[in-house]
Amino acid sequence: MSLTLFLVQTLNGLQFGILLFLIAAGLTLVFGVMDFINLAHGVQYMVGAYLAAWFTALTGDFFLGLLLALPTALLFGLLLEWLVFRHLYGRDHLDQVLATFGVILFLNEAVKVAWGSSPLSVPIPDAFSGSVRMMDGLLYPVWRLVVIGSGFAIAIGLALLVSRTRLGMLVRAGAVNAPMVSALGVDIGRLFMIVFGFGAMLAGFAGAMVAPILSVEPGMGDNILILAFVVIVIGGIGSIRGAFAAALLVGLVDTLGRSFGPQMLRLMLDPSAASQTGRALAPMLIYILMAAVLIVRPAGLFPAQR
Amino acid sequence: MKNAKSGAGIAGGAIAALAFAAALAAPAAAQEKLKIGVILTLSGPAANLGEQARDAINLAVKNLGGKVGGVDTEVVTVDDELKPDVSVTKVKALLERDKVDFVIGPIFSNVLQAIHKPVTDSSAILISPNAGPSSYAGKMCSPNFFVTSYQNDQVHAILGKYAQDKGYKRVYLMTPNYQAGKDSMAGFKSQYKGEVVEESYVPLNTMDFSAELAKIAAAKPDAVFTFMPGGPGVNLVKQYRQAGLQNIPFLSAFTVDESTLPAQQDAAVGMYGGANWAPNFDNALSKKFVADFEAATGKVPGTYAIQAYDAISLIDSAVKATGGKVSDKKAIEAAMKKADFKSLRGSFAFNNNNYPIQDLYLVQVAKRPDGKFQTEIREKIFTADKDPYAKDCAMK
């Protein structure tokens, strides 16, 4: 394996990690602050992608589409909160899982009714449609770099928001002891609503940003949701910093493991056995990572302080 | 979107049709009536495949004036949801409650595995308009099971043969990590004797192929062969183009076709696939069908559509040959085996195992003058091709 291939794969892993972070950030806040398991978070990612695709088609400009999609995703998240989730905060986790799973089924079919079952595609915006030559014969779309850059910007913005602002302080306080925050005169219901809407918007943003590189289709959020849960468990539930570190870790381990795992095994085993073992092992890697982290740090890498 | 309502429409329609059929299961009229049950995947991400088949069946029945084989025909359509367990319940309802004479379906092999036994054990005749697994082509072939599509291996073999004939020395294989993916590589390698640079198995439902594409670029193969149906295929094709790999020929099975092209668009132009037909097929009947289908649905038909259309034509020919005696299943089966109908793909015959003997082509994606995308036939790879399992079938 050459060094350039390794660097390219690292970049790919980084981009995957950033995408996971954008989804996991909202999930970890909702789970950590509100103690609410929201399986429908992946669907909000899908809705963000559909809204971006739809508004882009309507306006003919991706950024205008994105600008319209974000507040719509926010409103949509708030609507869901008001209609469904608000009534589940006091219930136990099983009820929440059942109800939010129902929301997944409902919305997956709803986008089909609204936009059809065929995948939609969104063109890469002209300004970023170029690509960089990374290695011989391989171009790296600039848009992927934009995704990485915007992900880092959001990570920094979120970190500042949570550690430096009054709202962030309330969120942190809510994660530690929600009844006490409420007793001190903070409208905890409104705080929850803000956190929830914000999480939905972040997931929607992730969906919108990947729409030009992935196809937009019903059920696109279902697989990534499982990975997002792995990320927040590794990172420590409720911790933005943990979600960031864990997302990058998962992205890198998954990508590099799948690319170089079989080659590493080939050093020890004969080629066909290596390919067989590598094929079986690669999808397990992140779960092995999760188990390992939990053995050493049962509350995750950066648990929210209690 | 124009087709948006169809998704809800089918589900609602299917339920309504079922309820209606049940309510009207009153004594049949004096004349025999033909009942055709249709079971297809009409919900979920793969619904557009089932919709192509369903629309073609409706068109075929309409073209026959609602009388398949000259007999009043009722079509009952249900959705298998791409769930084998659900499909068994649905198909039993078709057989026992609706008492259908024929079942047309399904799209996917795993659903076929589930419904094959219930239908072939009954008196009804099962026609698969798409799924063609090896399991029912050999020892377990059955006199009341017909396939109007292909045996799955044949499609992968088209690309293997092409790669071999073209003299590609090093080919990179990539498929999803499940049984069909492994079968696909085996089918390709049955015809291709050159060096396989890498057999890359990616997780089922992979959406981002950037890591794979970097590996392909590093391996510098003469060609890439892949089997990546549905949404992952759409992503692969777009990302392949974005990564600037289009100089490496892209050979594929079930990856670029009329069900995925509306999403892949320009990114897929020039990519190769294997098929038994393409919308530019030079045949008056086929041309009329393409025009009618587009007028009715606004979509370009793919092989899913013509195989389903042929299934109705097949029933039509057999029922006519027996003089409309729908209840004489033995006579109908014998008449069907003759394949005495005008197939949209020209030459068509049944092998001893009731799988087709047909010509198979290399197809390539092209953009039409009207801006829509379709596959076009480039080269005939196999003539009157038979599947390799037929010899194990005891039927004559």
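Residue numbering note: each chain is counted from 1, following its sequence as written. Here the convention is simple: chains get letters from A, ligands get numbers from 1, in the order in which they are written. Owing to the predicted nature of the model, reporting of local features is limited to residues with pLDDT of at least 70; listing and counting of side-chain atom pairs is limited to 80 or more, with chain, interface and lining totals taken over all residues. Working from all heavy atoms in the structure, the side-chain values ignore hydrogens and water.

Caption draft 1: Representation of the domain arrangement of chain B in the model. All names here are of chain B. Taken domain by domain, chain B comprises domain 1 (4–150 + 282–357) and domain 2 (153–275). Where each domain starts and ends follows an automatic or database-derived domain assignment. Once you take the C-alpha centre of each, domain 1 and domain 2 turn out to be 30 Å apart. Any pair of residues with heavy atoms lying within 4.5 Å of one another is described as a contacting pair. Contact residues are listed per partner, giving 9 residues for domain 1 and 7 residues for domain 2. Of the roughly 680 Å² buried between domain 1 and domain 2, counting both surfaces, carbon and sulfur atoms make up 57%. Any carboxyl oxygen of Asp or Glu that lies within 4 Å of a side-chain nitrogen of Lys or Arg is treated as forming a salt bridge with it. Between domain 1 and domain 2 we count 0 salt bridges in total. Summed over both partners, the accessible area (1.4 Å probe) lost when two parts come together is defined as the buried area.

Caption draft 2: Representation of the packing of aromatic side chains in the model. Residue and element names in this part refer to chain A. The rule is short: rings of Phe, Tyr and Trp, with Trp giving its six-membered ring, pair when the centres are within 6.5 Å, and they are stacked under 30 degrees, edge-to-face over 60, tilted in between. Per the stated rule, a full pass over the model turns up 32 aromatic pairs over all chains. Here Phe62 and Phe63 contribute two aromatic rings whose centre-to-centre distance is 5.6 Å and whose plane-to-plane angle is 85 degrees, an arrangement assigned as edge-to-face. Buried means the residue's accessible area, taken with a 1.4 Å probe over protein chains only, is under 20% of the maximum for its type, while exposed means over 50%, and partly exposed covers the values in between. Residue Phe62 is classed as buried on the basis of its relative accessible area of 3%. Their ring planes at 90 degrees and their centres at 5.5 Å tell us that Tyr89 and Phe192 sit as a pair that is edge-to-face. Residue Tyr89 is located in the loop between α3 (62–83) and α4 (93–115), and its partner Phe192 is located in helix α7 (residues 188–210); the two are separated by 103 residues in the primary sequence. On the basis of relative accessible area, Tyr89 is assigned to the buried category, the value being 18%. In this description a helix means any DSSP run of H or I spanning at least four residues, a strand means any run of E spanning at least two, and both kinds are numbered starting from the N terminus.

Caption draft 3: Quick peek at the interface of chain B and chain A. Counting from both sides, the interface comprises 39 residues of chain B and, opposite them, 38 residues of chain A. Carbon and sulfur atoms supply 53% of the area buried between chain B and chain A, which totals about 3200 Å² over both sides. On inspection of chain B and its partner chain A, the count reaches 1 salt bridge. For Asp208(B), the salt bridge goes to Arg144(A), with nearest N and O atoms at 3.1 Å. The term polar contact refers here to a pair of N or O atoms within 3.5 Å; inside protein, the definition further demands a hydrogen-donor-capable atom paired with an acceptor-capable atom, and it admits residues adjacent in sequence only when both atoms are side-chain atoms. The interface formed by chain B and chain A includes 8 residue pairs in polar contact (both at pLDDT 80 or more). Broken down by secondary-structure element, the contributors of at least two residues to the side of chain B that touches chain A are α1 (4–23), α2 (47–63), β8 (195–202), α7 (210–219) and α8 (231–242) of chain B. No other element matches α7(B), which puts 8 residues into the side of chain B that touches chain A. In this classification, Asp, Glu, Lys and Arg are treated as charged, Ala, Val, Leu, Ile, Met, Phe, Trp, Tyr, Cys and Pro as nonpolar, and every other residue, Gly included, as polar. Each residue belonging to the side of chain B that touches chain A can be placed in one class, and the counts come to 18 nonpolar, 12 polar and 9 charged.

Caption draft 4: Spatial organisation of the pattern of salt bridges. Overall, the coordinates contain 27 salt bridges over all chains when judged by the stated rule. We note a salt bridge from Arg91(A) to Asp95(A), for which the minimum N-O separation is 3.2 Å. For Arg91(A), a relative accessible area of 47% puts it in the partly exposed group. Residue class for Asp95(A) comes out partly exposed when judged on its relative accessible area of 27%. Residue Lys299(B) pairs with Glu51(B) through a salt bridge whose shortest N-O separation is 3.5 Å. With Lys299(B) in the loop between α10 (284–297) and α11 (303–321) and Glu51(B) in helix α2, the pair connects residues that are 248 residues apart, well separated along the chain. For Glu51(B), a relative accessible area of 3% translates into the label buried.

Caption draft 5: Geometry of the nonpolar core. Throughout this description, the term nonpolar core refers to a set of buried Ala, Val, Leu, Ile, Met, Phe, Trp, Tyr and Cys residues connected via side-chain atoms within 4.5 Å. Phe21(A), Met34(A), Tyr45(A) and Phe85(A) are the most contacted members of the largest nonpolar core, which has 89 residues in total. In terms of residue count, the dominant contributor to this core is helix α1 (residues 3–34) of chain A (14 residues). Once residues within four sequence positions are removed from consideration, Met34(A) is found in contact with Leu29(A), Tyr89(A), Phe192(A), Val195(A) and Phe196(A). Among the nonpolar cores identified, the runner-up in size contains 49 residues, and Ile107(B), Phe146(B), Val326(B) and Phe350(B) belong to it.

Caption draft 6: Examining unusual backbone geometry more closely. Residue and element names in this part refer to chain B. That bond from Gly105 to Pro106 is cis: its omega, -5 degrees, falls within 30 degrees of zero. Relative to the elements of secondary structure, Pro106 occurs in the loop between β4 (102–104) and α4 (109–121). Residues other than glycine seldom take positive phi values, yet Leu82 does so here, at roughly 55 degrees. If you trace the backbone, Leu82 turns up in the loop between β3 (71–79) and α3 (84–97). A positive phi angle is found at Asn354, which is not glycine, with a value near 70 degrees.

Caption draft 7: Seen up close, the environment of Leu67(A). Residue placement: Leu67(A) occurs in helix α3. In the structure, Leu67(A) is positioned 14 residues away from Ala53(A) in sequence and 12 Å away in space, judged by C-alpha atoms.

Caption draft 8: Summary view of the pairing of β8(B). Residues and elements named next belong to chain B. Two strands make a pair as long as DSSP finds a minimum of two bridges between them. Here 7 bridges tie strand β7 (residues 170–176) to β8, and the two strands are oriented parallel to one another. Bridge pairing links Tyr172 to Glu198 in β8. Clockwise travel from the first strand over the helix to the second, with the strands pointing away from the viewer, marks a crossover as right-handed. Where the polypeptide runs from β7 across helix α6 (residues 179–189) and back to β8, its parallel neighbour, the crossover connection is right-handed.

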